[in-house]
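Structural overview
The lines below spell out each chain.
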Amino acid sequence: SNACSDDGSCIPFEYGCTDPTAFNYDSTANTNDGSCVPYVYGCTDPTAFNYDSTANADFGGVLCVLVLEGCTDPEAFNYDEEANTNDGSCIAVLEGCMDLDSCNYDEGANTSDGSCTYAEDYYDCDGNCLNDADGDLICDELEILGCTDSEAFNYDSGATDNDGSCIE
């Protein structure tokens, strides 16, 4: 204020953030303009799962986590424990019998519930003989040979197929 002539020592005002601990510190500024912004640590990658729109610095131990799409519903059939973003692919658990050889196979089931039922030996699921050559509704494997003539001397009440051995 006491100078009466310019000796070339005047320094022009350079406005900016003069706080060296601020995110936007300006080393060329000589006058603080109130624009200093503190560091906000977080993930600054907008494609990351844990992106933080308020963060302005990645360092400080904060790591960005990649987006891993998949089914995030733990109750779903195809739950992916590594997924962090639901991609809409979840499939409901449908319990039922998944054994093609059972009588109650459920083609829509994706989880076995232990409910499978099976035909008895020599029969199909409807109770019909698989092999019944003489059509008497007794499976060939269960036929008992003997004399089936009740008038014969050697009649066998347990026989289901006459073997020609009847004695009159």
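Provided above is the structure to which this section pertains.
Attention in this report is confined to the structure presented alongside it. (Residues numbered from 1 in each chain as written. Predicted model: local features only at pLDDT ≥ 70, side-chain atom pairs only at ≥ 80, totals over all residues. Heavy atoms only, no water.)

1. Things to note about the environment of Asn 84
By secondary structure assignment, the location of Asn 84 is in the loop between strand E3 (69-70) and strand E4 (85-86). Since its relative accessible area comes to 18%, Asn 84 is described here as buried. Taking the C-alpha atoms as reference points, Asn 84 and Thr 72, separated by 12 residues in sequence, lie 6.7 Å from one another. In this structure Asn 84 touches Phe 49, Val 65, Leu 66, Val 67, Leu 68 and Thr 72, once residues within four positions along its chain are discounted. A distance of 3.1 Å separates a polar atom in the side chain of Asn 84 from a polar atom in the side chain of Thr 85. (Helix = DSSP H or I, 4+ residues; strand = E, 2+ residues; numbered from the N terminus. Buried < 20%, exposed > 50% of the residue type's maximum accessible area, 1.4 Å probe, protein only. Contact = heavy atoms within 4.5 Å. Polar contact = N/O pair within 3.5 Å; in protein donor to acceptor, adjacent residues only side chain to side chain.)

2. Thoughts on the state of the cysteines
Taken as a whole and judged by the stated rule, the model has 7 disulfides. With a sulfur-sulfur separation of 2.0 Å, Cys 97 is cross-linked through a disulfide to Cys 116. Looking down the S-S bond of the Cys 97 and Cys 116 bridge, the torsion is 105 degrees, so its handedness is right-handed. Separated by 19 residues along the polypeptide, Cys 97 in the loop between strand E5 (95-96) and strand E6 (111-112) and Cys 116 in the loop between E6 and strand E7 (145-146) bring together distant segments of the chain. For Cys 116, a relative accessible area of 23% translates into the label partly exposed. Lacking any disulfide linkage, Cys 4 is separated from the closest cysteine sulfur, that of Cys 10, by 12 Å. (Disulfide = S-S within 2.5 Å.)

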